[in-house]
Structure formats: C-alpha cells, structure tokens
Amino acid sequence: MTAGMIIIGIVGAALALAVILGIKIVPQGENDVVERLGRYHRTLRPGLNFIVPFIDSVVARVSMKEQVLDIAGQEVITKDNVVIIANAVAFIQVAHPDRAIYGIEDYELGIVNLVQTTLRSIIGEIELDAALSSRDEIRARLKAGISDNIADWGIVLKNVEIQDIRPSATMQQAMEEQAAAERRRRATVTAADGEKQAAILEAEGKLEAARREAEAKVALAEADRKAIRLVGSAIGEQALPAHFLVAGRYVKAMEALGASENAKTILLPADLLAAVQGLLGKEKG
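Computed from a predicted structure; not experimentally measured.

Enquirer: Before we go on, may I ask you to explain the sheet that holds strand S5 (residues 56-63) in this structure?
Expert: Through backbone hydrogen bonds, the strands of a sheet pair up, either in parallel or in antiparallel fashion. Strand order in the open sheet formed by three strands is S3-S2-S5, with antiparallel pairing between adjacent strands. Single-partner strands in this sheet number two, and they are strand S3 (39-44) and S5. Direction aside, the axes of adjacent strands within the sheet are offset by 30° on average. Note that strand S2 (residues 30-36) and S3 share five bridges and pair antiparallel. In the strand pairing of S3, Asp32 is matched with Leu44.

Structure representation (structure tokens):
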C-alpha cells in the first residue's frame, strides 16, 4: 500500500467522522443549545440538524414540554401570627432554551424557591381566616408575582395552584380546643336562657293566677254583698225567712265539716235560733 493511499484513507475516515459528528437528530419536544467556540451559537429544533464538528458543540438539551413542579409544603406565618402549612404546584414551559440555560444555573430550583418566597410574602400580609378562604386570590397574586421574574429566564408560567393551606398541628389542636370551649359556652348560655325563660313564665303564671284569684274573690264578695242587700230588702223586718236562710247555710257548713276526715268532734250551739239571730245582728224575740 502506497503512502498516497494511506493519506487518502485517513482523509476519508476523517471526513466520515466529521459527517457523523456533524449530524444531530433532535427528538420531538426537545431543543438542543449549541455553542461555537464557547459562545452561544444557535438552538437546534426537532429533526435532522447539522453542526460544524470540533467547532460547534451541543451543551444542553432542553425539554419544551409543559412541566409540573411540586412546591413542597412549608410553614408560613400569617398577619395575625398563626403558623400554617402551605404548598403549591406550578405548571411551566420553556419558551427560550438559551435563556433557560444561560439566564439561571437551575431554572427548576429557581422557580421552586421563587414560588415559596412569594407565597410566604403573600400569606404574611393576610390573616388566618382570609388565608383559609381566599385561595383564588392568593393564587392570582402568586401567579402575577412570579410570571415576570421567570419570563427573564425564557420560561412561561402556564398556571399555579394552591394545593393545600392548613393550620399547623399545634394550631389545629388549639383551634379544636377553642371550638370545644365555644360550644360549651354556647350550651351554658342556652341552658341559662332556658332556665331564665322558664322562671319568667312560671312567675308570670303565678302572678296571673293570683290576679285572677283576687278578681274572683272580689267578684264573689261583690256578689255576696248584692245578694245580702237583696235578701235584706226582700225580708225587711221579717226574721223568720232570714233565720231559715242562715240556718240552711249553717247546717250545710256543719255537714261539710262533719264529712272531713280531720274532724273528730263537732260542737253545735244549744240554742241554734239564738246563734242565727246573733249572726243576723238581731236579738231573740
């Protein structure tokens, strides 16, 4: 084999190697970042691409798909000094691979830390009740707060969601104890109000009964007074009818007294007529 053939073989092998090294096939959904002599040169799109061997080099392959970043839970202090646990999830997509590579060392780590610090800042400005009930507002403020920052890294924030906001274990126990104490207080107040209303109703009932009893006695006395007046007007000076009426009531009273279980001995006046006359205020004729 002559020297010329050897040289030709070496040149052919070098050319074949250069062609092989110069061919770059980029998968769908990814981009390659190419440097030329240490400086950013261009970005290779999906498909068949060619670079200059030994001068150009692929320094990074960047996924252009939408990515999901899980933001781990962290302790956050609210405006009213309550410790809560908050975590989130961010949906991002690389729009400019060169910025994502050269703009920050690790864009995923940077976004995670940016979301955590922004979330702490937002929750620190609101109280516990608002933090637990205003997830949409917190999410909107969080998205607005980090979108512009990560845009400088060539990344688009598709969405960010608050996965969970809950009080810490210590705070949950304190809230449960507070809720139990509040329920006991309400039960005590309700029972006291019930007893108060019952006492008021009972007193009003007694008052109404006493009033009606008094009215009944007055009405009965008035009736007796009128009856006596009518009887007195009717009998005039005739004592016998009056004696008969009074004696009748007297006998009925004695019968009722005799029927009582507590009555053992009943004494009747010897002169019943004199007794009746005494009741009528007349002397025996």
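Enquirer: What exactly am I supposed to notice about the packing of aromatic side chains here?
Expert: Two descriptors summarise a pair of aromatic rings, namely the distance from one centre to the other and the angle between the planes of the rings. The full count for this structure, using the stated rule, is one aromatic pair. With a centroid separation of 5.9 Å and 70° between ring planes, the pair formed by Tyr40 and Tyr102 is classed as edge-to-face. Of this pair, Tyr40 sits in strand S3 while Tyr102 sits in helix H2 (residues 97-102), and the two are 62 residues apart along the sequence. The class for Tyr40 is partly exposed, based on a relative accessible area of 36%.

Enquirer: Would you explain the nonpolar core in this entry?
Expert: Proteins that are soluble and globular tend to have nonpolar side chains buried together. Ile84, Tyr107, Ile111, Ile123, Ile138, Leu142 and Ile155 are the most contacted members of the largest nonpolar core, which has 37 residues in total. Within the residue set of this core, elements represented by two or more residues are S5, strand S6 (67-77), strand S7 (83-94), helix H3 (107-123), helix H4 (128-133), helix H5 (135-151) and strand S8 (155-167). Looking at this core element by element, the count peaks at eight residues for H3. In contact with Tyr107, not counting residues within four places along its chain, are Val62, Gln67, Ile92, Val94, Ala100, Trp153 and Ile155.

Enquirer: Got a minute to help me understand the packing of H3 against H5 in this structure?
Expert: How two helices sit against one another is set out by the angle between their axes and by the gap between those axes. Their axes nearest at 10 Å, the elements H3 and H5 cross at an angle of 140°. Classed by the angle they form, the pair H3 and H5 counts as oblique. H5 is crossed by H3, and the crossing has right-handed handedness. Side by side, H3 and H5 meet where Ile111, Leu114, Val115, Thr118, Leu119, Ile122 and Ile123 of the first sit next to Ile138, Arg141, Leu142, Ile146, Asn149 and Ile150 of the second. Residue composition of the contact of H3 with H5, grouped by class: ten nonpolar, two polar and one charged.

Enquirer: Would you mind showing me how to read the pattern of salt bridges here?
Expert: Side chains carrying opposite charge are able to pair once their charged atoms draw close together. In this structure the tally under the stated criterion is ten salt bridges. The residue Arg61 makes a salt bridge to Asp32 at a minimum N-O spacing of 2.7 Å. Placement of the pair is Arg61 in strand S5 and Asp32 in strand S2, with a sequence separation of 29 residues. Judged by relative accessible area, Arg61 falls into the partly exposed class, the value being 46%. Overall, Asp32 belongs to the buried group, its relative accessible area being 2%. Where Asp164 meets Arg166, a salt bridge forms, and the shortest distance between an N and an O atom there is 2.8 Å. Judged by relative accessible area, which is 36%, Arg166 ranks as partly exposed.

Enquirer: What's the story with H5 in this structure? I'm lost.
Expert: One turn of the α-helix equals 3.6 residues, which is why residues spaced by three or four share an orientation. The end-to-end C-alpha distance of H5, which contains 17 residues, comes to 24 Å, matching closely the 24 Å that a straight helix rising 1.5 Å per residue would cover. Buried residues of H5: Ile138, Leu142, Ile146 and Ile150, and no others. Seen along its axis, H5 keeps its buried residues to an arc of 70°; they face one direction. Exposed and facing more than 90 degrees away from the buried side of H5 are Asp136, Ala144 and Asp148.

Enquirer: Explain the environment of Arg135 to me, please; I cannot follow it from the model alone.
Expert: Take Arg135: it is sitting in helix H5. When sequence neighbours within four positions are dropped, the list of residues in contact with Arg135 reads Ile162, Gln163, Asp164 and Ile165. Polar side-chain contacts of Arg135 include one of 3.4 Å to the backbone oxygen of Gln163.

Thresholds applied
Residues numbered from 1 in each chain as written. Predicted model: local features only at pLDDT ≥ 70, side-chain atom pairs only at ≥ 80, totals over all residues. Heavy atoms only, no water. Pairing = 2+ DSSP bridges. Helix = DSSP H or I, 4+ residues; strand = E, 2+ residues; numbered from the N terminus. Axes fitted to C-alpha atoms, helices over the stretch in contact; angles between N-to-C directions. Phe/Tyr/Trp six-rings, centres within 6.5 Å; stacked < 30°, edge-to-face > 60°. Buried < 20%, exposed > 50% of the residue type's maximum accessible area, 1.4 Å probe, protein only. Core = buried A, V, L, I, M, F, W, Y, C linked by side-chain atoms within 4.5 Å. Contact = heavy atoms within 4.5 Å. Parallel < 35°, antiparallel > 145°, perpendicular 65-115°, else oblique. Left-handed = near helix turned anticlockwise from the far one by under 90°. Nonpolar A, V, L, I, M, F, W, Y, C, P; charged D, E, K, R; others polar. Salt bridge = Lys/Arg side-chain N within 4 Å of Asp/Glu carboxyl O. Expected span 1.5 Å × (residues − 1). Arc of directions from axis to C-beta. Polar contact = N/O pair within 3.5 Å; in protein donor to acceptor, adjacent residues only side chain to side chain.

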